[in-house]
Amino acid sequence: MYDVIASLASGLLVGAIYGLAAIGLTLIFGVMKVINLTHGAMIALGMFALYFLVSVAGFNPYLSLLPILAGGFVVGVMVYWIAVNRVIGSSDLMSLLATFAVNMILIGAGTALWTTSPYNVNFSLPGISWHGYTIPGTQILAAILAIIIAAALYGFLYHTRTGKAVRAVASNRQAAELMGIPTRRILAIAFGLGIAVASASGALIATLFPFTILSGGSYELKSFVVTVLGGLGNPAGALLGGILLGLIEGGVAPFVDVSWTPVIEFTLFVLILLAFPSGLFRIGKGR
C-alpha cells in the first residue's frame, strides 16, 4: 500500500514536468496550427545546456533555468524565421517536413558533438522520507519550478499586451491583422516561447535522470499524449494532462514491468482520441 502511494506521489511530481514540456508543444500548435517536430531536440538541448552550465561553468542548476529560457526563446525565434515562417499557411505536410528537417539537423549535430553516451547532472537535495520510501528533493523542486514557469506563462498570455496579442492571433489571425497586430512578429514570439518552455522542461528532467542527445524523443512522444489529454492548443489543459499522465505512470509502476508503461500510455492515447477528440479538459468545445 505504501509503495503505491509513494509511486503515485512520484508520478504526480514528474507529471508536472511532463505538463510543462507539453505546454511548449500545444502553445505552438494553438497559435499557428503547426505540429512542431523539433520539440524533442529542443528538450534534449535544454538538458545539455544545463549540463554545461552546471558542470563546466559552475552555475546553480536552478538559476541556470533563466539563461536556458532566454536561450531557448532566441533559438525558437531563429528556427521560426529560418524554417517555419515560409511554410505558415501551406499544407500540414510542409510544416511537418520543415520542423522534422530542423530536428534531424539538431540531432545529427548533437550526436557528432556529444555522441549518444549518457550524461548526468550530479546534484542532490534532501528529500522527504515516509514509511521507508524517499521522494528526492530534486523531484519536488523540479515539479514546483515547472508549475511556477507554467503559471508565469499563463500570466504573460492573459495579463500582458503581447500575451493578449498572441491569444488574438491564435483565435483569428486575419481579424488580428485588421486590428493592426503584427502577426508575423507575434508568431515568432509564440514559437520562441514554446521552444523556451520545452528547453526548460528538458533542463528540469536533466536534474532527475541521465540523458543522451536522443532522450528528447521519448519526452516528445509523452508530450503528444499529454497534448491529446489536455486538448490541442490548451496550455492549462496540457499541465493537467501531464499531471494525469504522471499519476497513471505512478499508479501502474508497482504492478507491471516498466517496459509496459509505453503500451499503456499509447493505448490511453488512442482511447482518448476515439472518445474525446477535443481532449479530456476541452469537453463541450466541439469535436
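The model shown is predicted, which means the values in this text are computed figures rather than measured ones.

**Student:** Mind showing me how you'd approach the packing of aromatic side chains here?
**Tutor:** Centre-to-centre distance and the angle between the planes together describe a pair of aromatic rings. Considering all chains together, one arrives at 14 aromatic pairs under this definition. Seen in terms of ring centroids, Tyr51 and Tyr119 are 4.9 Å apart; in terms of plane orientation they differ by 80°. Their pairing is edge-to-face. Within this pair, whereas Tyr51 is found in helix α2 (residues 39–55), its partner Tyr119 is found in the loop between α4 (92–114) and β1 (128–130), the two being separated by 68 residues in sequence. According to the relative accessible area criterion, Tyr51 is buried, its value standing at 19%. Every member of this aromatic cluster is reached through a ring pair, and the members are Phe48, Tyr51, Phe52, Trp114, Tyr119 and Phe211.

**Student:** Would you take a moment to explain the nonpolar core for this structure?
**Tutor:** Inside soluble globular proteins, nonpolar side chains tend to come together where they are buried. Within the largest apolar cluster, 78 residues are counted, with the highest numbers of intra-cluster contacts made by Met32, Tyr80, Val84, Phe191, Leu204 and Phe211. Considering each element in turn, this core owes the most residues, 15 residues, to helix α8 (residues 183–206). Discounting chain neighbours no more than four positions away, the residues touching Tyr80 are Met32, Asn85, Ile88, Arg184, Leu187, Ala188 and Phe191.

**Student:** Please clarify how the confidence of the model for the chain should be interpreted in this entry.
**Tutor:** It should be kept in mind that the predicted coordinates are not to be read in detail where pLDDT is low. Averaged over every residue, the pLDDT of the chain is 88; the share at 70 or more is 97%. Note on residues 283–287: pLDDT is under 50 here. Beyond four places in sequence and across chains, it has six contacts.

**Student:** What should I look at first to understand the layout of surface pockets in this one?
**Tutor:** Empty space among the atoms can be located by rolling a probe the size of a water molecule over them. When its volume is computed, the largest pocket comes out at roughly 410 Å³. In terms of lining, the largest pocket is formed by 17 residues, of which the most central are Val14, Tyr18, Phe209, Glu249 and Val258. Listed by contribution, the elements that provide at least two residues to the lining of the largest pocket are α1 (2–32), α9 (216–230) and α10 (235–252). Tallying contributions element by element places α1 first for the lining of the largest pocket, with five residues. Counted by class, the lining of the largest pocket contains seven nonpolar, seven polar and three charged residues.

Reading guide: rules and limits
- Residues numbered from 1 in each chain as written.
- Predicted model: local features only at pLDDT ≥ 70, side-chain atom pairs only at ≥ 80, totals over all residues.
- Heavy atoms only, no water.
- Phe/Tyr/Trp six-rings, centres within 6.5 Å; stacked < 30°, edge-to-face > 60°.
- Helix = DSSP H or I, 4+ residues; strand = E, 2+ residues; numbered from the N terminus.
- Buried < 20%, exposed > 50% of the residue type's maximum accessible area, 1.4 Å probe, protein only.
- Core = buried A, V, L, I, M, F, W, Y, C linked by side-chain atoms within 4.5 Å.
- Contact = heavy atoms within 4.5 Å.
- pLDDT = per-residue confidence, 0-100.
- 1 Å grid on protein atoms, 1.4 Å probe; cavity = no way out; pocket = protein on both sides within 12 Å on 5 of 7 lines; lining within 4 Å.
- Points joined across faces, edges and corners; volume = space filled by probe spheres on them.
- Nonpolar A, V, L, I, M, F, W, Y, C, P; charged D, E, K, R; others polar.

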